[in-house]
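Structural characterization, general
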Amino acid sequence: MRIDRKRLESTIEELGRIGATERGGLTRLALTDEDRRGRDLLVGWMRQAGLRVTVDQMGNIFGERAGQPGRPPVMMGSHADSVPTGGKYDGQLGVLCALETIRTLNDHRVQTRHPVTVVVFTNEEGARFQPAMIASGVMAGKIPLEDAYNARDKDGLRLVDELERIGYLGPEPCVPRPLRAYLELHIEQGPYLEEEGLAVGVVEGIVAIAWSRLTIHGVQDHAGPTPMRIRHDALVAAAEVISGVRGIARQIGGELVTTVGSVTVSPNIPNAIPGRVTLSIDMRDPRDATLDKARWLLDGVVAEACRREGVTYELDHYWRVPYTPFDREVVSAVERAARATGAGHRRILSGAGHDAQYMAAIGPAGMVFVPSRGGRSHCEEEFTPMDDIEHGANTLLGAALELAGQP
Ligand code: GLV
Ligand code: MN
Ligand code: MN
């Protein structure tokens with residue numbers, strides 16, 4: 001049994017048109033009108049495939065293909081939101097390969113012991129509402145529903161209001177549910193599979209992730225008449241923090257990565273000394289202890305930069321996900337399925353966060369990676385060849401079938 005490559009390719013193209021950018025990428029931020037149109041298309045496809053579609057309180061969409069009564073499902077999916085000027089593979093590929101898996105089971109009239117369910121998670125990217133993976137986080141009981149509902153985008157709009165506005169504030173409780181297994185296919189977003197000429201990554205786990213938010217309060221003043229000696233410039237302190245954050249990765253070395261990806265300057269005009277700056281700090285490492293050390297160093301970097309400039313600050317370490325190893329049985333099933341497709345494959349660790357990271361707290365979870373051209377993602381150049389996608393989708397199909405079992 002094999003997936004239908006042409007059919008899968010056409011869904012990637014069709015869904016990829018919703019929010020498409022001129023340079024071949026995708027901007028489909030969570031809970032925008034584009035997100036709604038993408039969701040509507042997916043729900044239509046799920047219904048056509050005969051799935052029972054439900055939506056939970058976080059707008060997560062589930063499409064269930066029945067198994068034997070009373071058995072927990074094998075759930076497969078990912079997210080359909082993107083980052084701004086992102087690509088059409090991150091997230092949506094996992095949802096579409098899950099749908100293609102189910103369509104293939106339908107084509108061959110395969111019955112499974114466990115139900116097989118497609119899931120589309122809300123706001124995985126954390127681009128519009130922070131933190132990332134917010135909806136699987138609520139489902140796993142790691143983020144309070146109330147906090148998620150009150151998350152605000154940069155215009156002050158609340159997540160719950162936007163969920164309601166696009167018609168995806170569902171009635172199902174967003175709580176842990178019995179799971180046979182969770183499987184997520186995703187692009188690698190790193191260079192290793194392509195460099196080694198392999199089509200499939202058998203993901204063993206996901207690195208620990210820590211997000212912090214720093215707000216620096218300087219003194220807003222005129223850029224002309226204010227002598228240098230009496231300035232308290234929030235942006236100058238921020239600049240020191242940015243190079244200090246890079247310095248933490250240099251100092252600790254190994255696999256630690258550190259990023260300042262967002263800076264908001266106020267009032268952000270040429271002729272005023274910046275009075276307030278907010279910036280984001282993202283740090284990741286496979287070892288939780290390394291991340292603890294990095295966070296401790298960050299506290300020092302911020303304190304020292306702000307002391308030198310005579311500014312005050314608030315540093316909020318607001319999100320942390322520990323290193324997450326995947327379930328041995330699921331990893332083995334993915335590996336067996338990859339081998340059976342004949343694709344070149346190897347075990348690999350994920351440097352990006354995925355909903356699978358929270359799902360692993362609910363039940364046995366695992367992931368399938370396919371290569372990213374040039375290792376690039378979260379950009380319009382994101383691309384994965386169809387040959388690799390086909391191997392990845394067949395791996396997902398094989399693993400799902402093994403885990404769901406046949407009567
Ligand atoms: C999600 O894309 C993340 O790894 O931040
Ligand atoms: Mn993703
Ligand atoms: Mn992403």
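To start, this report covers the structure provided alongside it. These numbers come from a predicted model, not from an experiment.

**What to know about the overall build of the protein chain**
Helix and strand content of the protein chain: twelve helices and 16 strands. Taken over the C-alpha trace, the protein chain has a radius of gyration of 22 Å; the compact-globule value for 407 residues is 22 Å, and the two agree within 12%. The proportion of buried residues among the 407 residues of the protein chain is 56%. Counted over contacts in the protein chain with a minimum sequence separation of 6, partners at least 24 positions apart contribute 79%.

**Some words on the packing of helix 1 (residues 5–16) against helix 2 (residues 33–48)**
Two numbers describe how helix 1 lies on helix 2: the axes approach to 10 Å, and their chain directions differ by 150°. Classified by the interaxial angle, the pair formed by helix 1 and helix 2 is roughly antiparallel. Of helix 2, the residues touching helix 1 (which contributes Thr-11, Glu-14 and Leu-15) are Gly-38, Leu-41, Leu-42 and Trp-45.

**Concerning the coordination of the manganese ion (ligand 2)**
Looking at the metal site, the manganese ion (ligand 2) is ligated by His-79 (NE2), Asp-90 (OD) and His-186 (NE2), spaced 2.0 to 2.2 Å from it. Sequence spacing of the donors to the manganese ion (ligand 2): H-x10-D-x95-H. Separating the manganese ion (ligand 2) and the manganese ion (ligand 3) is a distance of 3.5 Å, and Asp-90 donates to both of them. Separated by eleven residues along the polypeptide, His-79 in strand 3 (residues 74–79) and Asp-90 in the loop between strand 3 and helix 3 (92–107) bring together distant segments of the chain. With respect to burial, His-79 and Asp-90 carry one shared label: buried.

**With respect to the site of ligand 1**
The full set of residues close to ligand 1 is Glu-124, Glu-125, Trp-211, Arg-284, Ala-352, Gly-353 and His-378. Protein contact buries 93% of the 200 Å² of open area that ligand 1 shows by itself. Its residues assigned to classes, the shell around ligand 1 comprises two nonpolar, two polar and three charged.

The rules behind the values
Residues numbered from 1 in each chain as written. Chains lettered and ligands numbered in written order. Predicted model: local features only at pLDDT ≥ 70, side-chain atom pairs only at ≥ 80, totals over all residues. Heavy atoms only, no water. Helix = DSSP H or I, 4+ residues; strand = E, 2+ residues; numbered from the N terminus. Rg over C-alpha atoms; globule rule 2.2 N^0.38 Å. Buried < 20%, exposed > 50% of the residue type's maximum accessible area, 1.4 Å probe, protein only. Contact = heavy atoms within 4.5 Å. Axes fitted to C-alpha atoms, helices over the stretch in contact; angles between N-to-C directions. Parallel < 35°, antiparallel > 145°, perpendicular 65-115°, else oblique. Donors = N, O, S within 2.8 Å, 3.2 Å for Na, K, Ca; no water. Near = heavy atom within 4 Å. Areas by Shrake-Rupley, 256 points an atom, 1.4 Å probe, with all protein chains shown as cover. Nonpolar A, V, L, I, M, F, W, Y, C, P; charged D, E, K, R; others polar.

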